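Each chain, written out:
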Amino acid sequence: MADGSVLRPDLSLVLERITDGFFALDAEWRFAYMNAEARKLLHAREDFLGVFWLDAFPKARGRLFEREYRRAMRDQRPVQFVEYSQTANRWFEVKAYPSPDGLSVYFRDVTARIEAQQEVERTARRQQALIDFGRAALSGGSYESLVTDAMELVRDVLDANVIELYEYVRPSGTFRVRQALGWERGSALDLADAPLEHVRRAIENGEPFVSSDVRIEARARSLAALAKVGILSCVCVPIGSVRDPLGALVAYHPKPRTVSAVDVRFVEALAQTLAESARALESNRRMAQVLESIRDAFVAVDRELRVTYVNARMASFWSESPLDMIGRPLAHFTDQFADDGISHRHFREALEGDRAVTFELNFTERWLEVRLYPFSDGVAAYVRDITRRKTEQQRIVALNLDLERRVAERTKQLELANKELESFSYSVSHDLRAPLRAIDGFSQALVEDYRERLDDQGRNYLERVRKAAQRMADLIDALLGLSKVARAHISMQPLDLSAIAADVAGDLRDGEPEREVEIEIEAGLEAHGESGLIHAVFANLMGNAWKFTRKSPHPLIRVGRLPSGEFFVADNGAGFDMAYSNKLFGAFQRLHAADEYEGTGIGLATVARIVHRHGGAIRADGAPGAGATFYFTLPGSRTEE
């Protein structure tokens, strides 16, 4: 294609106008022609014509350029390739066409395309590296191996010669090197005087610190000292956050260089994964402490029902070490329960049903309570020894059976006692009343038929006999009434106590219309109880108040309820001495003489019995000459509620 020295003028003009570089070599491998674009790309001298091409470009010797040119001439076939030119510091796409007279070479600058392709490949490698690193972090490996992997990745991707990982010492707020790669012996930084300003800035700001030339770094002038150990640029990325710093990952380079934002983000992603792994390990450590401190035995299994974690209590239960149990099938342990596989099925039920399951298990004379809680990766089980509780439950069951037997016996005895009481009541009603009626009747006959024959003393004796017999009859009636209260059936119903008290007050006024007694009854008094029995309570209490105010100049009876919910019946009558209050509610107990105030001494005992049978309580307050007040509670009152 070329003669000895130059090309034809018209061809030379065409070659000068094309955008590709072009040169021609003769059969002796000497330059015969080179266009202006080629001279510009290759930085060629003006006197290159006639010069052996490897003498003009010695950096091409032994490389792809020489090998491909020789192959084209040897085979007399065109060749095409892409190679990096150390002479031009560029990537060239080359096409060489041989002829018997020499070689014609066309080449173009494809540096931008190759670098873009390389960047795509680097990005893909970074992404795959991050994916692999993330998987390693999730696999549960040691933090030390994870740190080493992260540092190796940074060194490879950033082409850095030194990598350091600093950890933050929380109590003192200082930094220390946890691990380092790339330092040669004798060239490591003296940690006592190490320039850590870049580490501190990155951690305090929570952002990467990037310096392209530490010798002129205005933000951290102490970094200039790194040049003494062959470090001229650095990238420092914090691990953790400003609020919760964990350390920093640092990459050093021996030359001034500008680190791309993509590379910085890559290191940040590694640092973030390290931070999350460190927090997860710390969380797991604390969780392990909690699980080791609890009283329950604990085991966790994966979705294949293989043991993933046990605490020391669970391991001791099986006389194993925790490490020996991890990874083994759960069935290896549950098969020893001899429960027909029920325990193992409960684990599967909790996992497949995604719900908590609790069951009890008897094993080697011990009772165990097992609580299963499913989670995303498997099932967690808490096992508690409840042998003592089960023993107590069995003892309570035995005691209850014995108690039921005793209650049955006591019930039978009570039924017999009730029958005897009924027989006694019948005797009192019939057998005792007949003699009393005879005594009273014959005494009355003596008074009527033989009055004239008897002197005053005899007539007095007969009157006293009649009164004693009548009093005895009244006592028998009161005693029968008290026994009926003890046996009466109680049907709880809503009651209007104000209406009951008003009805009793009407009866009292009808009995002694000549007396003027002021009676105050609070409206809206309500409770629950047996109507007839509660009527008896008010009849006795208000009847006593009516009786014991007989000598008061302005008798007053009040019925109401305290804010606490207690009902009361109060009067301003004779009152009583609180020293004898313990006798008030006993049968036949009287605090006043019979000739002064009539009565049997049964009324308050009856009241107390009725109130107690309703589940209430009763008490009294008074003073001699200052009146008395009786307080009691019933179901449905505010106190009861």
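The preceding data block contains the structure.
Here's what I pulled together on the structure shown here. Since this is a predicted model, take the numbers as computed values, not measurements.

1. A closer look at the packing of aromatic side chains
Then step 1. Taken as a whole, this structure holds 21 aromatic pairs when the rule is applied.
Then step 2. Taking 5.8 Å as the distance between ring centres and 80 degrees as the angle between the ring planes, the aromatic pair formed by Phe31 and Phe57 counts as edge-to-face. Separated by 26 residues along the polypeptide, Phe31 in strand 2 (residues 31-34) and Phe57 in the loop between helix 3 (53-56) and helix 4 (64-75) bring together distant segments of the chain.
Then step 3. Phe31 sits in the buried class, given a relative accessible area of 3%.
Then step 4. Among the aromatic side chains, those forming a connected cluster through ring pairs are Phe23, Trp29, Phe31, Trp53, Phe57, Phe65, Tyr69, Phe81, Phe92 and Phe107.
Then step 5. Above the plane of the ring of Phe209 lies Arg219, whose end atom (NZ or CZ) is 4.1 Å from the centre.
Then step 6. The ring of Tyr631 has Arg619 lying over it, and the distance from NZ or CZ to the ring centre is 4.1 Å.

2. Quick look at the packing of helix 16 (residues 531-548) against helix 17 (residues 603-613)
Then step 1. Axis separation between helix 16 and helix 17 bottoms out at 9 Å; the angle between their running directions is 145 degrees. The handedness of the crossing between helix 16 and helix 17 comes out as left-handed. Along the contact surface, helix 16 presents Leu533, Ile534, Ala536, Val537, Asn540, Leu541 and Asn544, while helix 17 presents Gly603, Leu604, Val607, Ile610 and Val611.

3. Considering the sheet that holds strand 20 (residues 567-571)
Then step 1. Spatially, the five strands line up as an open sheet ordered 17-19-20-22-21, and their pairing is mixed. Looking along the sheet, the strands with just one partner apiece sit at the ends: strand 17 (518-521) and strand 21 (618-622). Strand-to-strand twist of the sheet, defined as the mean angle between neighbouring strand axes without regard to direction, takes the value 10 degrees.
Then step 2. Sheet strands touched by helix 16: strand 17, strand 19 (556-561), strand 20 and strand 22 (628-632). Its angle to strand 19, the strand with the most contacts, is close to 145 degrees.
Then step 3. This element, helix 17, spans strand 21 and strand 22 of the sheet and lies at about 140 degrees to strand 21.

4. Thoughts on the sheet that holds strand 12 (residues 307-310)
Then step 1. The sheet built from five strands is open, its strands ordered 12-11-15-14-13 with antiparallel pairing. The open sheet terminates on both sides in strands that have one partner only, identified here as strand 12 and strand 13 (357-363). The sheet shows a mean angle of 25 degrees between the axes of neighbouring strands, direction not considered.
Then step 2. As judged from the seven bridges shared by strand 13 and strand 14 (residues 366-375), these two strands associate in the antiparallel manner. Each bridged residue has a counterpart across the sheet, and for Val357 the counterpart in strand 14 is Leu372.
Then step 3. Contacting strand 11 (297-302), strand 13, strand 14 and strand 15 (378-385), helix 12 (residues 342-353) runs over the sheet at an angle of about 170 degrees to strand 13.

5. Description of the pattern of salt bridges
Then step 1. Per the stated rule, a full pass over the model turns up 30 salt bridges.
Then step 2. Between Arg619 and Glu566 there is a salt bridge; the shortest N-O distance is 2.9 Å. Here Glu566 lies in the loop between strand 19 and strand 20 and Arg619 lies in strand 21, a separation of 53 residues in the sequence.
Then step 3. For Glu566, a relative accessible area of 15% gives the class buried.

6. Quick word on the pairing of strand 19
Note on strand geometry: in a regular strand, side chains alternate between the two faces of the sheet.
Then step 1. Both strand 17 and strand 19 contribute to a ladder of four bridges, which runs parallel. Counted as the bridge partner of Glu520 is Arg558 from strand 19.
Then step 2. Linking strand 19 back to strand 20 in an antiparallel pair, the connection comprises five residues, with Gly565 at a positive phi of about 110 degrees.

Parameters at a glance
Residues numbered from 1 in each chain as written. Predicted model: local features only at pLDDT ≥ 70, side-chain atom pairs only at ≥ 80, totals over all residues. Heavy atoms only, no water. Phe/Tyr/Trp six-rings, centres within 6.5 Å; stacked < 30°, edge-to-face > 60°. Helix = DSSP H or I, 4+ residues; strand = E, 2+ residues; numbered from the N terminus. Buried < 20%, exposed > 50% of the residue type's maximum accessible area, 1.4 Å probe, protein only. Lys NZ or Arg CZ within 6 Å of the ring centre and 35° of its normal. Axes fitted to C-alpha atoms, helices over the stretch in contact; angles between N-to-C directions. Left-handed = near helix turned anticlockwise from the far one by under 90°. Contact = heavy atoms within 4.5 Å. Pairing = 2+ DSSP bridges. Salt bridge = Lys/Arg side-chain N within 4 Å of Asp/Glu carboxyl O.

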